[in-house]
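This is what each chain is made of:
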Amino acid sequence: MKTPIKFFVTFCLFILLVSCSQKNKYENATFFDMTDFKTTQTLNGTILQFDSIIMKPSQLQIYDTLLITSNLEDQKIFHIFNLNTKRKIGERISRGQGPEEMLLPFFIQQKDSIKIFDMMTSTLFVYTIQEFVTNPTPNPIRKIKLDIQPLWSELALLKNKMIGVSYAPKSPCFLFDENGKKIKDFGSYPVSQIEYTDIERVDAFRSILTSNQTNRVAICHYFTDLIDIYNDNGELIKRLHGPEHFFPHFKEYKNGDIIGSKPIEKTYKDAFYSPTNVGDEFFVLYNGKLVGSENYNLLAQQILVFTWEGNPLRILHLDQGVSRISVDPNQKKIYGISDDPEFHIIEFSYK
(Lines give C-alpha, C1' and ligand atoms only; values in the text may rest on other atoms or scores of the structure.)
Protein backbone atom coordinates (compact mmCIF):
# COMPACT_ATOMS: atom_id res chain seq x y z
CA MET A 1 0.00 0.00 0.00
CA LYS A 2 2.92 2.34 0.51
CA THR A 3 3.67 2.77 -3.19
CA PRO A 4 0.12 3.90 -4.20
CA ILE A 5 0.01 6.29 -1.23
CA LYS A 6 3.39 7.74 -2.15
CA PHE A 7 2.28 8.17 -5.76
CA PHE A 8 -0.96 9.84 -4.66
CA VAL A 9 0.88 12.29 -2.40
CA THR A 10 3.38 13.13 -5.17
CA PHE A 11 0.54 13.61 -7.67
CA CYS A 12 -1.37 15.92 -5.30
CA LEU A 13 1.78 17.95 -4.66
CA PHE A 14 2.35 18.31 -8.39
CA ILE A 15 -1.25 19.47 -8.98
CA LEU A 16 -0.93 21.95 -6.12
CA LEU A 17 2.32 23.38 -7.53
CA VAL A 18 0.84 23.70 -11.02
CA SER A 19 -2.25 25.41 -9.63
CA CYS A 20 -0.14 27.82 -7.56
CA SER A 21 2.15 28.56 -10.53
CA GLN A 22 -0.84 29.60 -12.63
CA LYS A 23 -1.70 32.24 -10.03
CA ASN A 24 1.89 33.14 -9.27
CA LYS A 25 3.92 35.94 -10.82
CA TYR A 26 7.22 37.71 -10.38
CA GLU A 27 7.08 41.23 -9.01
CA ASN A 28 7.85 43.93 -11.60
CA ALA A 29 7.93 41.36 -14.41
CA THR A 30 6.85 41.94 -18.02
CA PHE A 31 5.12 38.92 -19.54
CA PHE A 32 5.91 37.89 -23.10
CA ASP A 33 5.17 34.92 -25.30
CA MET A 34 6.10 33.79 -28.80
CA THR A 35 3.52 36.07 -30.41
CA ASP A 36 5.41 39.15 -29.16
CA PHE A 37 8.33 38.53 -31.52
CA LYS A 38 8.11 40.50 -34.73
CA THR A 39 9.53 37.88 -37.10
CA THR A 40 10.38 34.19 -37.24
CA GLN A 41 13.08 32.59 -39.34
CA THR A 42 13.90 28.91 -39.86
CA LEU A 43 17.62 28.19 -40.17
CA ASN A 44 19.02 25.08 -41.84
CA GLY A 45 22.39 24.13 -40.42
CA THR A 46 25.47 22.74 -42.15
CA ILE A 47 27.76 20.32 -40.30
CA LEU A 48 31.35 21.55 -40.61
CA GLN A 49 33.85 18.93 -41.72
CA PHE A 50 37.35 19.63 -40.37
CA ASP A 51 40.56 17.77 -41.10
CA SER A 52 40.77 16.69 -37.44
CA ILE A 53 38.33 15.31 -34.89
CA ILE A 54 36.81 18.09 -32.80
CA MET A 55 36.75 15.86 -29.68
CA LYS A 56 34.08 16.85 -27.06
CA PRO A 57 33.88 20.65 -26.89
CA SER A 58 31.84 22.31 -24.15
CA GLN A 59 32.32 25.86 -25.50
CA LEU A 60 33.28 27.64 -28.69
CA GLN A 61 34.22 31.17 -29.65
CA ILE A 62 34.60 32.84 -33.05
CA TYR A 63 37.38 35.34 -33.82
CA ASP A 64 36.92 36.42 -37.45
CA THR A 65 37.95 33.30 -39.43
CA LEU A 66 39.08 31.37 -36.36
CA LEU A 67 37.05 28.89 -34.35
CA ILE A 68 38.40 28.04 -30.89
CA THR A 69 36.82 25.22 -28.92
CA SER A 70 37.26 24.37 -25.24
CA ASN A 71 37.70 20.69 -24.42
CA LEU A 72 37.90 20.12 -20.67
CA GLU A 73 38.70 16.42 -20.95
CA ASP A 74 41.81 16.90 -23.12
CA GLN A 75 45.33 17.56 -21.87
CA LYS A 76 45.48 20.59 -24.18
CA ILE A 77 42.22 22.41 -23.57
CA PHE A 78 41.82 24.82 -26.49
CA HIS A 79 41.74 23.66 -30.12
CA ILE A 80 42.04 26.22 -32.93
CA PHE A 81 40.49 25.75 -36.40
CA ASN A 82 40.55 27.87 -39.55
CA LEU A 83 36.97 28.27 -40.76
CA ASN A 84 38.03 29.00 -44.34
CA THR A 85 40.32 26.01 -44.85
CA LYS A 86 38.62 23.73 -42.26
CA ARG A 87 42.08 22.88 -40.97
CA LYS A 88 43.18 22.54 -37.38
CA ILE A 89 45.86 25.09 -36.48
CA GLY A 90 46.89 23.70 -33.13
CA GLU A 91 46.14 23.10 -29.46
CA ARG A 92 46.83 25.47 -26.58
CA ILE A 93 47.02 25.60 -22.76
CA SER A 94 47.65 22.48 -20.70
CA ARG A 95 45.18 21.27 -18.13
CA GLY A 96 46.69 21.56 -14.67
CA GLN A 97 47.62 23.83 -11.79
CA GLY A 98 50.83 25.34 -13.14
CA PRO A 99 51.34 29.11 -13.63
CA GLU A 100 50.12 29.10 -17.24
CA GLU A 101 47.76 26.12 -16.94
CA MET A 102 44.01 26.03 -16.36
CA LEU A 103 41.46 23.67 -14.82
CA LEU A 104 37.98 25.01 -15.52
CA PRO A 105 38.26 27.81 -18.11
CA PHE A 106 35.51 29.78 -19.84
CA PHE A 107 35.69 32.36 -22.62
CA ILE A 108 34.83 35.99 -21.95
CA GLN A 109 33.21 37.33 -25.08
CA GLN A 110 35.33 40.00 -26.76
CA LYS A 111 36.61 40.17 -30.32
CA ASP A 112 39.83 42.20 -30.07
CA SER A 113 41.61 39.86 -27.64
CA ILE A 114 41.23 36.39 -26.17
CA LYS A 115 40.06 36.54 -22.56
CA ILE A 116 39.69 33.32 -20.60
CA PHE A 117 38.54 33.01 -17.00
CA ASP A 118 39.65 29.95 -15.03
CA MET A 119 36.96 29.35 -12.39
CA MET A 120 39.06 27.04 -10.23
CA THR A 121 41.73 29.67 -9.64
CA SER A 122 39.52 32.76 -10.16
CA THR A 123 42.12 34.02 -12.63
CA LEU A 124 41.51 35.95 -15.85
CA PHE A 125 44.09 35.40 -18.62
CA VAL A 126 44.31 37.96 -21.44
CA TYR A 127 46.11 37.13 -24.73
CA THR A 128 46.53 38.89 -28.03
CA ILE A 129 44.92 36.86 -30.79
CA GLN A 130 48.19 36.65 -32.72
CA GLU A 131 50.09 35.35 -29.68
CA PHE A 132 47.46 32.74 -28.91
CA VAL A 133 47.31 31.48 -32.49
CA THR A 134 51.00 31.52 -33.43
CA ASN A 135 52.69 30.50 -30.17
CA PRO A 136 52.23 26.86 -29.05
CA THR A 137 52.77 28.07 -25.47
CA PRO A 138 51.16 31.51 -25.54
CA ASN A 139 52.12 34.12 -22.95
CA PRO A 140 49.31 36.22 -21.48
CA ILE A 141 49.72 39.99 -21.65
CA ARG A 142 47.84 40.23 -18.36
CA LYS A 143 46.66 37.99 -15.52
CA ILE A 144 44.02 39.21 -13.06
CA LYS A 145 43.12 37.27 -9.92
CA LEU A 146 39.69 37.94 -8.44
CA ASP A 147 39.50 38.38 -4.69
CA ILE A 148 36.69 35.79 -4.44
CA GLN A 149 38.06 32.28 -4.79
CA PRO A 150 36.77 30.25 -6.37
CA LEU A 151 34.05 32.08 -8.30
CA TRP A 152 31.86 29.46 -9.97
CA SER A 153 30.71 31.71 -12.77
CA GLU A 154 31.44 32.83 -16.27
CA LEU A 155 32.31 36.52 -16.53
CA ALA A 156 31.06 39.38 -18.67
CA LEU A 157 32.52 42.85 -19.17
CA LEU A 158 30.98 46.20 -18.25
CA LYS A 159 33.42 48.81 -19.60
CA ASN A 160 36.54 48.26 -17.47
CA LYS A 161 34.66 46.20 -14.88
CA MET A 162 33.72 42.53 -14.70
CA ILE A 163 30.54 40.85 -13.51
CA GLY A 164 29.84 37.27 -12.52
CA VAL A 165 27.05 35.21 -10.97
CA SER A 166 27.45 35.07 -7.20
CA TYR A 167 25.65 31.85 -6.22
CA ALA A 168 25.10 33.61 -2.91
CA PRO A 169 21.71 34.27 -1.25
CA LYS A 170 22.14 38.04 -0.78
CA SER A 171 22.32 39.05 -4.45
CA PRO A 172 22.57 37.22 -7.78
CA CYS A 173 25.83 38.80 -9.02
CA PHE A 174 29.15 40.34 -7.97
CA LEU A 175 30.77 43.33 -9.69
CA PHE A 176 34.59 43.56 -9.84
CA ASP A 177 36.96 46.36 -10.82
CA GLU A 178 39.66 46.00 -13.48
CA ASN A 179 42.09 44.59 -10.90
CA GLY A 180 39.73 41.87 -9.72
CA LYS A 181 38.62 43.53 -6.48
CA LYS A 182 34.96 43.10 -5.61
CA ILE A 183 33.17 46.46 -5.81
CA LYS A 184 29.70 45.44 -4.67
CA ASP A 185 26.85 42.98 -4.76
CA PHE A 186 24.89 43.48 -7.96
CA GLY A 187 21.16 43.11 -8.63
CA SER A 188 18.41 41.41 -6.66
CA TYR A 189 16.70 38.05 -6.77
CA PRO A 190 13.19 37.91 -8.27
CA VAL A 191 10.32 37.91 -5.79
CA SER A 192 7.11 35.91 -6.20
CA GLN A 193 4.52 34.17 -4.04
CA ILE A 194 6.93 31.24 -3.64
CA GLU A 195 9.06 31.38 -0.49
CA TYR A 196 12.60 29.97 -0.58
CA THR A 197 15.24 29.20 2.01
CA ASP A 198 18.67 30.65 1.19
CA ILE A 199 19.86 27.37 -0.28
CA GLU A 200 16.68 26.90 -2.29
CA ARG A 201 16.93 30.45 -3.67
CA VAL A 202 20.51 30.02 -4.85
CA ASP A 203 19.73 26.72 -6.60
CA ALA A 204 16.37 27.81 -8.03
CA PHE A 205 17.80 30.95 -9.64
CA ARG A 206 21.01 29.58 -11.11
CA SER A 207 21.82 31.59 -14.18
CA ILE A 208 24.27 32.60 -16.87
CA LEU A 209 24.89 36.12 -18.13
CA THR A 210 26.07 38.19 -21.04
CA SER A 211 26.58 41.92 -21.54
CA ASN A 212 26.90 44.52 -24.26
CA GLN A 213 30.31 45.19 -22.64
CA THR A 214 29.38 48.77 -21.71
CA ASN A 215 26.15 49.43 -19.81
CA ARG A 216 23.79 46.45 -20.03
CA VAL A 217 23.88 42.92 -18.60
CA ALA A 218 21.31 40.18 -19.20
CA ILE A 219 20.96 37.50 -16.53
CA CYS A 220 19.32 34.44 -18.09
CA HIS A 221 17.98 31.76 -15.75
CA TYR A 222 18.38 28.03 -16.20
CA PHE A 223 15.27 26.74 -14.38
CA THR A 224 12.71 29.50 -14.88
CA ASP A 225 12.03 31.30 -18.15
CA LEU A 226 13.14 34.63 -16.73
CA ILE A 227 15.63 37.21 -18.05
CA ASP A 228 16.73 40.17 -15.92
CA ILE A 229 18.32 43.13 -17.70
CA TYR A 230 20.32 45.60 -15.60
CA ASN A 231 22.30 48.75 -16.32
CA ASP A 232 25.92 49.09 -15.20
CA ASN A 233 24.80 50.64 -11.89
CA GLY A 234 22.86 47.52 -10.96
CA GLU A 235 19.45 49.07 -11.61
CA LEU A 236 16.84 46.75 -13.08
CA ILE A 237 15.86 47.84 -16.61
CA LYS A 238 13.38 45.05 -17.35
CA ARG A 239 12.42 41.68 -15.90
CA LEU A 240 11.13 39.47 -18.72
CA HIS A 241 9.04 36.39 -17.91
CA GLY A 242 8.24 34.02 -20.76
CA PRO A 243 7.53 32.53 -23.14
CA GLU A 244 5.93 29.76 -20.99
CA HIS A 245 5.88 31.46 -17.56
CA PHE A 246 7.09 28.62 -15.34
CA PHE A 247 8.71 28.81 -11.92
CA PRO A 248 11.48 26.87 -10.17
CA HIS A 249 10.43 24.62 -7.26
CA PHE A 250 13.26 23.40 -5.03
CA LYS A 251 13.15 21.69 -1.64
CA GLU A 252 15.87 21.95 0.99
CA TYR A 253 17.15 18.68 2.48
CA LYS A 254 19.58 17.63 5.20
CA ASN A 255 21.73 14.52 5.12
CA GLY A 256 23.83 14.49 8.27
CA ASP A 257 26.02 17.58 8.12
CA ILE A 258 25.22 18.15 4.45
CA ILE A 259 22.53 20.70 3.62
CA GLY A 260 21.37 21.15 0.05
CA SER A 261 18.29 21.43 -2.12
CA LYS A 262 16.91 19.57 -5.09
CA PRO A 263 14.18 20.24 -7.65
CA ILE A 264 10.70 18.84 -7.07
CA GLU A 265 9.81 16.17 -9.62
CA LYS A 266 7.61 17.05 -12.58
CA THR A 267 8.32 20.79 -12.16
CA TYR A 268 11.98 20.81 -13.27
CA LYS A 269 12.34 22.45 -16.69
CA ASP A 270 15.30 23.85 -18.62
CA ALA A 271 14.93 27.46 -19.74
CA PHE A 272 17.77 29.63 -21.09
CA TYR A 273 21.45 29.10 -21.78
CA SER A 274 24.34 30.40 -23.87
CA PRO A 275 23.29 34.08 -24.05
CA THR A 276 25.46 35.94 -26.54
CA ASN A 277 26.15 39.62 -27.20
CA VAL A 278 25.44 40.49 -30.84
CA GLY A 279 25.96 44.26 -30.96
CA ASP A 280 22.62 46.03 -30.45
CA GLU A 281 20.95 42.70 -29.60
CA PHE A 282 21.55 39.56 -27.64
CA PHE A 283 20.75 35.97 -28.64
CA VAL A 284 19.85 33.26 -26.14
CA LEU A 285 19.06 29.57 -26.55
CA TYR A 286 15.69 28.47 -25.19
CA ASN A 287 15.03 24.85 -24.28
CA GLY A 288 11.72 24.55 -22.38
CA LYS A 289 11.94 20.76 -21.93
CA LEU A 290 10.93 18.96 -18.75
CA VAL A 291 14.07 17.43 -17.24
CA GLY A 292 13.73 13.67 -17.02
CA SER A 293 11.02 13.42 -19.68
CA GLU A 294 11.30 10.74 -22.35
CA ASN A 295 12.66 13.04 -25.07
CA TYR A 296 14.76 15.29 -22.82
CA ASN A 297 18.20 16.49 -23.87
CA LEU A 298 20.20 19.69 -23.64
CA LEU A 299 19.96 20.49 -27.33
CA ALA A 300 17.83 23.57 -27.99
CA GLN A 301 16.28 24.42 -31.35
CA GLN A 302 15.14 27.97 -30.65
CA ILE A 303 17.15 31.16 -30.34
CA LEU A 304 15.27 34.17 -28.96
CA VAL A 305 16.58 37.61 -29.94
CA PHE A 306 16.06 40.72 -27.77
CA THR A 307 17.21 44.32 -27.69
CA TRP A 308 19.23 45.45 -24.68
CA GLU A 309 16.11 47.25 -23.46
CA GLY A 310 14.35 43.89 -23.27
CA ASN A 311 12.18 44.12 -26.37
CA PRO A 312 11.50 40.81 -28.20
CA LEU A 313 12.67 40.96 -31.82
CA ARG A 314 12.98 37.60 -33.59
CA ILE A 315 12.72 33.86 -33.14
CA LEU A 316 15.30 31.73 -34.94
CA HIS A 317 14.16 28.12 -35.35
CA LEU A 318 17.09 25.73 -35.82
CA ASP A 319 16.60 22.52 -37.78
CA GLN A 320 19.22 20.88 -35.54
CA GLY A 321 19.55 21.33 -31.79
CA VAL A 322 22.67 22.82 -30.17
CA SER A 323 23.83 23.27 -26.58
CA ARG A 324 26.11 26.29 -26.99
CA ILE A 325 26.45 29.06 -29.57
CA SER A 326 28.82 31.74 -30.79
CA VAL A 327 27.72 34.39 -33.28
CA ASP A 328 29.61 36.21 -36.03
CA PRO A 329 27.45 39.32 -36.66
CA ASN A 330 29.61 40.50 -39.58
CA GLN A 331 29.04 37.34 -41.58
CA LYS A 332 25.62 36.74 -39.97
CA LYS A 333 26.52 33.22 -38.97
CA ILE A 334 25.80 31.20 -35.85
CA TYR A 335 28.03 28.34 -34.76
CA GLY A 336 26.71 25.70 -32.38
CA ILE A 337 27.81 22.52 -30.61
CA SER A 338 25.82 19.30 -30.98
CA ASP A 339 26.46 15.82 -29.59
CA ASP A 340 23.74 14.06 -31.59
CA PRO A 341 24.84 11.39 -32.29
CA GLU A 342 28.53 12.40 -32.03
CA PHE A 343 30.09 15.78 -31.24
CA HIS A 344 30.20 18.19 -34.18
CA ILE A 345 29.98 21.88 -35.04
CA ILE A 346 26.99 23.25 -36.97
CA GLU A 347 26.98 26.50 -38.95
CA PHE A 348 23.74 28.48 -39.49
CA SER A 349 23.25 31.59 -41.61
CA TYR A 350 20.66 34.18 -40.53
CA LYS A 351 19.29 37.41 -41.97
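These figures come from a predicted structure and were not determined experimentally.

A. A look at the sheet that holds strand β26 (residues 324-328). Pairing in this open sheet of four strands is antiparallel, and the strands run β3-β28-β27-β26 from one edge to the other. Here the strands that pair on one side only, and so sit at the sheet edges, are β3 (46-47) and β26.

B. Local environment of the layout of surface pockets. Taken as a whole, the second largest pocket spans an internal volume of roughly 430 Å³. Around the second largest pocket, the lining is made up of 19 residues, and of these Tyr 222, Tyr 273, Leu 298, Ser 323 and Arg 324 lie nearest the centre. Where the lining of the second largest pocket is concerned, the elements lending two or more residues are β22 (272-278) and β27 (333-338). Broken down by class, the residue content of the lining of the second largest pocket amounts to ten nonpolar, five polar and four charged.

C. Quick peek at the pairing of strand β9 (residues 114-118). β9 sits mainly inside the fold: five of its five residues count as buried. Side chains of β9 alternate between two faces, with Ile 114, Ile 116 and Asp 118 and Lys 115 and Phe 117 buried alike. Relative to β9, strand β8 (residues 105-108) runs antiparallel, the two sharing four bridges. Bridging across to β9, Phe 107 finds its partner in Ile 116.

D. Up close: the pattern of salt bridges. What the rule picks out here adds up to 14 salt bridges. Note that Asp 51 and Arg 87 form a salt bridge whose closest N and O atoms lie 3.6 Å from each other. Here Asp 51, found in the loop between β3 and β4 (59-63), pairs with Arg 87, found in strand β7 (residues 87-94); they are 36 residues apart in sequence, far enough to count as distant. Between Glu 347 and Lys 333 there is a salt bridge whose closest N-O contact spans 3.6 Å. You can see Glu 347 sitting in strand β28 (residues 344-349) and its partner Lys 333 sitting in strand β27, a full 14 residues away along the chain. One connected set of salt bridges, linked through shared partners, spans Lys 170, Lys 182 and Asp 185.

E. Structural detail: the environment of Tyr 26. Looking at where Tyr 26 falls in the secondary structure, it is placed in the loop between α1 (2-23) and β1 (29-31). Since its relative accessible area comes to 2%, Tyr 26 is described here as buried. Separated by 23 residues in the primary sequence, Tyr 26 and Gln 49 place their C-alpha atoms 45 Å from one another. Here the side chain of Tyr 26 touches Thr 224 through a polar contact of 2.9 Å, side chain to side chain.

F. Structural context of the side chain of Thr 307. Looking at where Thr 307 falls in the secondary structure, it is placed in strand β24 (residues 300-307). Exposure remark for Thr 307: the relative accessible area of 16% places this residue in the buried category. Excluding residues that lie within four positions of it along the chain, Thr 307 makes contacts with Ile 229, Asp 280, Glu 281, Phe 282 and Leu 313.

Each value, and the rule that gives it
Residues numbered from 1 in each chain as written. Predicted model: local features only at pLDDT ≥ 70, side-chain atom pairs only at ≥ 80, totals over all residues. Heavy atoms only, no water. Pairing = 2+ DSSP bridges. Helix = DSSP H or I, 4+ residues; strand = E, 2+ residues; numbered from the N terminus. 1 Å grid on protein atoms, 1.4 Å probe; cavity = no way out; pocket = protein on both sides within 12 Å on 5 of 7 lines; lining within 4 Å. Points joined across faces, edges and corners; volume = space filled by probe spheres on them. Nonpolar A, V, L, I, M, F, W, Y, C, P; charged D, E, K, R; others polar. Buried < 20%, exposed > 50% of the residue type's maximum accessible area, 1.4 Å probe, protein only. Salt bridge = Lys/Arg side-chain N within 4 Å of Asp/Glu carboxyl O. Polar contact = N/O pair within 3.5 Å; in protein donor to acceptor, adjacent residues only side chain to side chain. Contact = heavy atoms within 4.5 Å.

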